[in-house]
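Architecture and fold: a report
Listed here are the chains, written in short residue letters.
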Amino acid sequence: MATAPLLEQPPTAVAEAPTVHPGKGILSHWRLYAAISPFYLLFLCFGLIPVGFSLYLSFHRWDGLGSMEWAGLSQYQYLLGDSDFWSSIGNTIIIWALATFPMIFLAMVTAVMLNSAVRFKNVYRFAYFLPNVTSIVAVAIIFGSVFSTNFGLMNALLQAVGLDQVAWLNTPWGIKVAIATLMTWQWTGYNAIIFLAGLQTVPTELYEAARVDGAGPVQTFFRITLPMLRPTLLFVLVVSTVTGLQSFAEPQVLLQTTANESTYSGGPDHAGRTMVLYFFQQTFDNNDFGYGAAVAWGIFLVVVLFSIINWRLVQRRGEE
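Computed from a prediction, not measured in an experiment: that's the story for all the values here.

Looking at the secondary structure, you find Asn155 in helix α7 (residues 153-160). A C-alpha to C-alpha distance of 5.2 Å links Asn155 and Gln165, two positions 10 residues apart in sequence. The residues contacting Asn155, other than those within four sequence positions of it, are Ser148, Thr149, Gln165, Val166 and Trp168.

This is the structure:
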């Protein structure tokens with residue numbers, strides 16, 4: 001029996017690679033580049049050029065009105081021996097430590113509680129995130145009343161339990177505790193939301209397996225939750241370092257100044273004068289824009305150094 005001949009398949013056409021003309025690809029999409037160009041133009045004008053100019057300015061002496069005078073590295077040499085600058089670094093680090101570690105602990109506890117909540121989750125998230133979007137000036141004014149020596153809420157609570165009043169805003173450590181408390185209140189809710197997002201990425205199978213193995217809540221937290229949250233913890237720690245070491249509005253508004261004191265003095269004994277506050281004092285009180293630029297670059301190096309240290313510490317604990 002004869003079979004029908006197989007139909008011949010037409011040869012498959014080989015698609016030729018399009019000819020690429022140099023520069024034609026970019027020019028053909030000029031409308032797209034024009035659409036996103038405003039961001040880069042604004043970043044160039046208000047970001048990159050000012051940063052470059054501040055570096056250039058740090059090698060000059062300038063009062064903001066007259067002509068610039070070349071200073072070379074003398075600004076940085078003076079900065080290295082400036083006791084006021086090093087004192088501001090010490091104040092900033094102490095305030096950062098007093099605020100960051102309690103804030104991270106409270107944020108993580110809050111996130112765990114929010115993650116286990118069943119009802120009104122969105123209401124809780126909004127309530128905890130609200131302090132972060134509230135005006136820092138208004139919050140600092142309120143905290144100034146809370147830590148007032150004569151009529152403050154904190155001293156009222158101390159007297160209620162039989163303790164003596166504390167001049168919070170008139171003693172060095174009282175000033176640091178007040179600023180750190182304000183920063184903790186401001187950032188706990190924000191970081192709790194970040195931790196909550198990290199908790200929701202942890203597979204539930206791990207918790208089920210831990211319960212089957214008889215692990216309790218504490219063991220589950222330290223053996224499963226905390227290791228899985230290490231990338232989130234690293235992010236929170238680095239961001240908290242960057243924001244905490246650049247604190248400015250909190251001490252400026254919280255600490256009242258007299259007519260004989262600078263707006264950026266940092267209160268009695270300069271206990272609340274942070275690095276950025278010192279930068280503003282040198283730049284706008286003393287009209288020394290060249291040295292202020294050198295101080296700004298010194299602050300940048302300190303922030304980068306602490307961020308790297310925090311990143312390495314968390315990464316090393318993760319490798320162990």
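Let's pick the thread back up.
Ranked by internal contacts, the top residues of the largest apolar core, which has 21 residues, are Phe143, Phe147, Leu169, Ile179, Leu182 and Leu254. The element contributing the most residues to this core is helix α8 (residues 172-199), with 6 residues. Residues within four places of Leu169 in sequence aside, it is in contact with Gly144, Phe147, Ile175, Ala178, Leu254, Leu255 and Pro268. The next biggest cluster of nonpolar side chains, apart from the first, holds 17 residues, and it includes Phe85, Tyr264, Tyr291 and Val302.

In this section: a nonpolar patch on the surface. A cluster of nonpolar side chains, namely Tyr33, Ile36, Phe39, Tyr40, Phe43, Leu44, Leu48 and Ile49, defines an oily patch on the protein surface of about 850 Å² accessible area. Among the structural elements, Ile49 can be located in helix α2 (residues 30-57).

Residues annotated in UniProt with the feature "transmembrane region" (unreviewed entry) correspond here to residues 39-59, 93-114, 126-147 and 289-311. Between the end C-alpha atoms of residues 39-59 there is a gap of 30 Å, over a span that is 90% helix and 0% strand. As a span, residues 289-311 carries 100% helix and 0% strand, and end to end its C-alpha atoms are 33 Å apart.

Here is what the cut-offs are and how they apply
Residues numbered from 1 in each chain as written. Predicted model: local features only at pLDDT ≥ 70, side-chain atom pairs only at ≥ 80, totals over all residues. Heavy atoms only, no water. Helix = DSSP H or I, 4+ residues; strand = E, 2+ residues; numbered from the N terminus. Contact = heavy atoms within 4.5 Å. Core = buried A, V, L, I, M, F, W, Y, C linked by side-chain atoms within 4.5 Å. Buried < 20%, exposed > 50% of the residue type's maximum accessible area, 1.4 Å probe, protein only. Patch = residues over 30% accessible without salt bridge, like charges linked within 9 Å, V, L, I, M, F, W, Y side chains within 5 Å. Areas by Shrake-Rupley, 256 points an atom, 1.4 Å probe, with all protein chains shown as cover. Salt bridge = Lys/Arg side-chain N within 4 Å of Asp/Glu carboxyl O. UniProt positions renumbered as here; feature names shortened; annotations may be inferred.

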